[in-house]
Amino acid sequence: MSQSYLIRSVEPSDAAAIHRIKTSPGVYPDTLQLPYQSLSATEKQLSSRPANIHQLVACAADGEVVGSVGLIVNEGMRVRHSADLFLVVRDDWQGKGVGGALMRAIVDLADNWLGLIRIELKVVHDNARAIALYEKSGFEYEGRLRREQLRAGKLEDVLVMGRLNWPQRGEA
C-alpha cells in the first residue's frame, strides 16, 4: 500500500500519541521499552530532549501521529560521525508504509543535514519485518548479541546492523 505521510519534527504535544505507540502490545516486545511506562515519563523525554537527539514523527492524513523515528548522535569527539537509530510504528499502522517513509526522512537528515557517516541499530533477531525495512534502507548485518534482551521472560538474541555513508575523497 502506497500512502504519503506528513513527516515532521516531534513536539512535546505529541507525548500522548508517542506513549500510545511505545506501550502498544504489538510494539514494546520488539523494543527495549518496558510494557508499563507512564505518560509523564514520555512527556518529560519530549520536553527536555537534548540537542543530540533528532526525532521525527509520521502523521496520517487526519494529523494523527502513527510512528516515530530518531537518531541519538554520539557526542564523543571521535564518534560524532555516528548515531544510534530508533523506530516505532503503531501496531495498527504497521505494513502501511509508515516505517519506509520515516526511514527515508531520517536517512536524508543523517546524510544531507547532519553529515553522519554511520548509523547503527539493534533489532530483535525474529523481527523479520523490521530487518527487511532496515536492509531496504541500506543497513547491513554486523553481528549478533546472544541473549541480549529479556522479552516476556525469555532472553532473546539481538542483531546489530549498520549503515555507512562514506563520501569518496574529492567529492564536494
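Just so it is clear, the model here is predicted, and its values are computed rather than measured. (Residues numbered from 1 in each chain as written. Predicted model: local features only at pLDDT ≥ 70, side-chain atom pairs only at ≥ 80, totals over all residues. Heavy atoms only, no water.)

Draft legend 1. How the structure looks around unusual backbone geometry. Here arginine 147, not a glycine, exhibits a phi torsion of approximately 55°, which is positive. Along the chain, arginine 147 falls in strand E6 (residues 140-151). Assessed through its relative accessible area of 51%, arginine 147 is described here as exposed. A positive phi is found at alanine 152, a non-glycine position, where the angle reads about 55°. The residue alanine 152 is located in the loop between E6 and strand E7 (154-164) in this model. (Helix = DSSP H or I, 4+ residues; strand = E, 2+ residues; numbered from the N terminus. Buried < 20%, exposed > 50% of the residue type's maximum accessible area, 1.4 Å probe, protein only.)

Draft legend 2. A look at the pairing of strand E5 (residues 118-124). Most of E5 sits inside the fold, with 5 of its 7 residues counted as buried. Bridge analysis of strand E4 (residues 82-89) against E5 gives 3 bridges, and the strand direction is parallel. Each bridged residue has a counterpart across the sheet, and for aspartate 84 the counterpart in E5 is glutamate 120. Read from E4 through helix H3 (residues 98-112) to E5, the crossover connection turns out right-handed. Bridge analysis of E5 against E7 gives 7 bridges, and the strand direction is antiparallel. The residue bridging valine 123 from the neighbouring strand is leucine 159, located in E7. (Pairing = 2+ DSSP bridges. Right-handed = clockwise from strand over helix to strand, strands pointing away.)

Draft legend 3. Representation of the environment of valine 66. With respect to the element layout, valine 66 can be found in strand E3 (residues 65-73). A relative accessible area of 0% places valine 66 in the buried class. Residues valine 66 and arginine 49, 17 residues apart in the sequence, show an inter-C-alpha distance of 20 Å. Once residues within four sequence positions are removed from consideration, valine 66 is found in contact with Ile21, Ala58, Ala60, Val89, Arg90, Trp93 and Val98. (Contact = heavy atoms within 4.5 Å.)

Draft legend 4. Representation of the side chain of arginine 90. Relative to the assigned elements, arginine 90 resides in the loop between E4 and H3. Among residues more than four places away in sequence, those in contact with arginine 90 are Arg20, Ile21, Ser24, Val27, Glu64, Val65 and Val66.

Draft legend 5. Fine view of the nonpolar core. One finds Leu85, Leu87, Ile106 and Tyr134 to be the most contacted residues of the largest nonpolar core, which totals 33 residues. When contributions to this core are tallied by element, the ones reaching two or more residues are strand E2 (53-59), E3, E4, H3, E5, helix H4 (128-136) and E7. The biggest single contributor to this core is H3, with 9 residues. Those residues within four positions of isoleucine 106 in sequence are excluded, and the remaining contacts are His54, Leu56, Val69, Gly70, Leu71 and Leu85. (Core = buried A, V, L, I, M, F, W, Y, C linked by side-chain atoms within 4.5 Å.)

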